[in-house]
Amino acid sequence: MIYNNNNENENKDIYNAPENSYSYSSDTENTEKPHKKRSFLKAVAFILSLVIVGAGSVQVYKYTEKNPKISTIENDSSEESENSEESEESESINAVGNTNPTSSESEQLPSLIDLASRKNAISVPDIVENSMPSVVGVSATFEYTQQSIDIWGFGTPSNQTREIKGTGTGIIMTDDGYIITNAHVVYDTSEYNCGDAKSVSVVLSDETEYEAKVMGRDVETDIAVLKIDAKNLKAAEFGDSNDLKVGELVIAIGNPLGFELFGSVTSGIISAIDREITVNEKQMKLIQTDAAINSGNSGGPLLNSCGQVIGINSSKISSSYGSASIEGLGFAIPISEAKIIIDDLINYGYVTGRPQIGIQTQNVSDTISRFYGIPVGVYVVSVSEGSSAEFAGIKEGDVIIGIQGEPVENLNELNEIKNKYKAGDEIKLTISRQGESEDIEISLVLQEVTPDKE
């Protein structure tokens, strides 16, 4: 219908001239014939064009069906155009009303783990997966003697031997069975004062259990080395504790409260480096961390963000001051300092070169000083036989008030200066002796501490 209407309009415009232009008397029939002929030709041409376009469309459809990539490209191009239109809309919205945030504002801030990790760090799950086979459980059995008394007061007191058990954690150092742990895991200095453990066993992460031999332990640094008869163990990777930084990420693995919580993992940061604290009346320089370290974690690894052992978990301070509770104070032995001790324990069974004077002492406080009329210092209770103190002429009742020209008021101050020297070095002690009007100077050569002279 549209086609026919257009033709009629065209015929009127083209072929119908003004009335005065042509004569209608003789040419009426001649003008009607060309008009019909041309309309017929146009109709035929239009039908042919429809046939050609239809056939071409069918062929294109068949070709695109056989080649889906073409249709995909076409769809993608249409989607891209839509997306471009949407992006233009969003940009215009941002320009006008700032409805959507910019890309820089939508970026996520780094997490605490990212901020505290080293540049070549690995993920925490990977660290745990790689390190867990190198972490073991340590179980020690101790014996102590308890005196039994009849509650009615009859009979003679009798001594009974009892056993107690303790558990801790250890680190596999070599694939042939050398294991590091804390000395207090295998040597008891508690109220029972059991000393060395009667027996020690090691439980691997796959629950295989071995009897262990204590190769050596050093109570002063709280380090012990065990040996089990095993091969092809997964040894831990050790790092350098000297390059630690405060705020660096650390991970602790251990067995808090026994083997029921075997392989517990905690994390935190380095809170301080070379923190001086007193543990069991021993002055130590330790790594401080807020990673949870509880009873049973002793001897386990403190790892950096690369999965390297940089400390041996040793102790935790948890106390209360009035209404304030103190938590998050864990301590570990720096591995770089521990390596020297470990090597000596494996090779000699004790730490070589450690100096000693050869005396048993007691501190003289201000109260004792006023009561007995003796100076504040270190009172000599006894002198070991064959020691350097005996050879130098130190006597029971002497009060050491100085070493190497520096005044001392207690044993910690005396040992702090003494330990700057090695066995074989000569030092001078300033002594106050009863009956002497003046203080005397005594020179002595420091001896090496050996297991039979501890």
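Residues numbered from 1 in each chain as written. Predicted model: local features only at pLDDT ≥ 70, side-chain atom pairs only at ≥ 80, totals over all residues. Heavy atoms only, no water.

Undergrad: In this structure, what is going on with the overall build of the protein? I would like to understand it.
TA: Each helix and strand counted, the protein has eleven helices and 22 strands in total. For the protein, the share of sequence-separated contacts (at least 6 apart) that also reach a separation of at least 24 residues comes to 60%. About 28,200 Å² of surface is accessible on the protein, with carbon and sulfur atoms providing 49% of the total. (Helix = DSSP H or I, 4+ residues; strand = E, 2+ residues; numbered from the N terminus. Contact = heavy atoms within 4.5 Å. Areas by Shrake-Rupley, 256 points an atom, 1.4 Å probe, with all protein chains shown as cover.)

Undergrad: Even after reading the chapter, I still don't get the pairing of strand S3 (residues 178–181), so can you show me in this structure?
TA: Where a strand is regular, its side chains alternate between the two sheet faces. Residues Tyr178 and Ile180 point to one face of S3 and Ile179 and Thr181 to the other, with burial holding for every one of them. Pairing analysis gives two bridges linking strand S2 (residues 158–172) to S3, with the strands arranged antiparallel. Considered in S3, the bridge of Ile172 is made with Ile179. Hairpin connection from S2 to S3: five residues lie between these consecutive antiparallel strands, with Gly177 at a positive phi of about 110°. In this sheet, strand S8 (residues 223–228) lies alongside S3 in antiparallel orientation, the contact comprising four bridges. (Buried < 20%, exposed > 50% of the residue type's maximum accessible area, 1.4 Å probe, protein only. Pairing = 2+ DSSP bridges.)

Undergrad: Would you mind going over helix H8 (residues 335–347) with me for this structure?
TA: In this model H8 runs 18 Å from its N-terminal to its C-terminal C-alpha over 13 residues, within 8% of the 18 Å that 1.5 Å per residue would give. Turning to H8, its buried residues number three or more, namely Ile335, Ser336, Ala338, Ile341, Ile342, Asp344 and Leu345. Just beyond H8, the residue with positive phi is Gly349, at close to 85°. (Expected span 1.5 Å × (residues − 1).)

Undergrad: Any chance you could explain the pairing of strand S20 (residues 426–432) here in plain terms?
TA: Counting buried positions along S20 yields five of seven residues, so the element is predominantly enclosed. One ladder, built from four bridges, connects strand S18 (residues 399–403) with S20; its direction is antiparallel. Looking at S20, one finds that Gly402 is bridged to Thr430. Pairing analysis gives six bridges linking S20 to strand S21 (residues 440–445), with the strands arranged antiparallel. Bridge assignment links Glu426 to a residue of S21, and that residue is Val445.

Undergrad: Could you clarify how one ought to interpret the nonpolar core in this entry?
TA: Soluble globular proteins tend to bury their nonpolar side chains together. Ile223, Ile312, Ile333, Ala338 and Ile342 are the most contacted members of the largest nonpolar core, which has 28 residues in total. Take this core: its biggest share by element is five residues, from H8. Listed in part, the 21 residues of the second largest apolar core include Val138, Ile179, Val202 and Ala224. (Core = buried A, V, L, I, M, F, W, Y, C linked by side-chain atoms within 4.5 Å.)

Undergrad: What exactly am I supposed to notice about the environment of Glu396 here?
TA: Along the chain, Glu396 falls in the loop between helix H10 (388–392) and S18. C-alpha of Glu396 to C-alpha of Val380: the two residues are 16 residues apart in sequence and 5.3 Å apart in space. Residue contacts for Glu396: discarding those within four places in its chain leaves Val380, Val381, Ser382 and Val383.

Undergrad: Honestly, the packing of aromatic side chains in this entry has me stumped. Any pointers?
TA: Given two aromatic rings, one states the distance between the centres and the angle between the planes to describe the pair. Taken as a whole, this structure holds three aromatic pairs when the rule is applied. For the ring pair Phe259 and Phe262, a centre distance of 6.0 Å and an interplane angle of 70° mean the geometry is edge-to-face. Classification of Phe262 by relative accessible area gives partly exposed; the value is 25%. For the pair Phe371 and Tyr372, a centre-to-centre distance of 4.9 Å together with 80° between the ring planes defines the contact as edge-to-face. As far as burial versus exposure is concerned, Phe371 and Tyr372 are alike and both exposed. Positioned above the aromatic ring of Tyr187, the side-chain terminus of Arg217 is 4.1 Å from the ring centre. For Lys227, the ring lying beneath its charged end belongs to Tyr178, and the centroid distance is 5.4 Å. (Phe/Tyr/Trp six-rings, centres within 6.5 Å; stacked < 30°, edge-to-face > 60°. Lys NZ or Arg CZ within 6 Å of the ring centre and 35° of its normal.)

Undergrad: For this particular structure, what's the right way to read the confidence of the model for the protein?
TA: Low pLDDT marks regions whose predicted coordinates should not be analysed in detail. Confidence in the prediction for the protein averages 81 pLDDT; 71% of positions are at 70 or higher. Contacts of residues 1–33 to residues separated by more than four positions or lying in other chains number 14 contacts, the stretch itself having pLDDT below 50. Counting contacts from residues 69–99, a segment whose pLDDT is below 50, to residues more than four positions away or on other chains yields seven contacts. (pLDDT = per-residue confidence, 0-100.)

Undergrad: Before we go on, may I ask you to explain unusual backbone geometry in this structure?
TA: Among all residues except glycine, the phi angle is most often negative; among peptide bonds, the trans geometry is most common. The phi angle at Glu207 is positive, at roughly 75°, despite the residue not being glycine. Of note, Glu207 is situated in the loop between strand S6 (199–203) and strand S7 (209–218). Non-glycine residue Asn232 carries a positive phi angle of around 55°. Within the fold, Asn232 resides in the loop between S8 and strand S9 (249–254). Judged by relative accessible area, Asn232 falls into the exposed class, the value being 74%.

Undergrad: I'm lost on the side chain of Thr169 in this one. Help?
TA: Within the secondary structure, Thr169 is located in strand S2. Look at Thr169 and you get buried, because its relative accessible area is 0%. Of the polar contacts made by the side chain of Thr169, one reaches the backbone nitrogen of Asn255; its length is 3.1 Å. (Polar contact = N/O pair within 3.5 Å; in protein donor to acceptor, adjacent residues only side chain to side chain.)

Undergrad: I tried to follow the pattern of salt bridges on my own but got confused; where do I start?
TA: Pairs may arise between side chains of opposite charge once their charged atoms sit close together. Within this structure, the stated rule accounts for nine salt bridges. For the salt bridge of Glu248 with Arg118, the shortest nitrogen-to-oxygen distance reads 2.4 Å. With Glu248 in the loop between S8 and S9 and Arg118 in the loop between helix H5 (112–116) and helix H6 (124–131), this residue pair connects regions lying 130 residues apart in the sequence. The class of Glu248 is buried, set by a relative accessible area of 6%. Ionic pairing is found between Asp398 and Arg433, a salt bridge with its closest N-O pair at 2.9 Å. Linking Asp398 in the loop between H10 and S18 with Arg433 in the loop between S20 and S21, this pair joins segments that are 35 residues apart in sequence. Arg433 gets classed as buried once you look at its relative accessible area, which sits at 17%. Salt bridges sharing partners connect three or more residues here, namely Arg118, Asp243 and Glu248. (Salt bridge = Lys/Arg side-chain N within 4 Å of Asp/Glu carboxyl O.)

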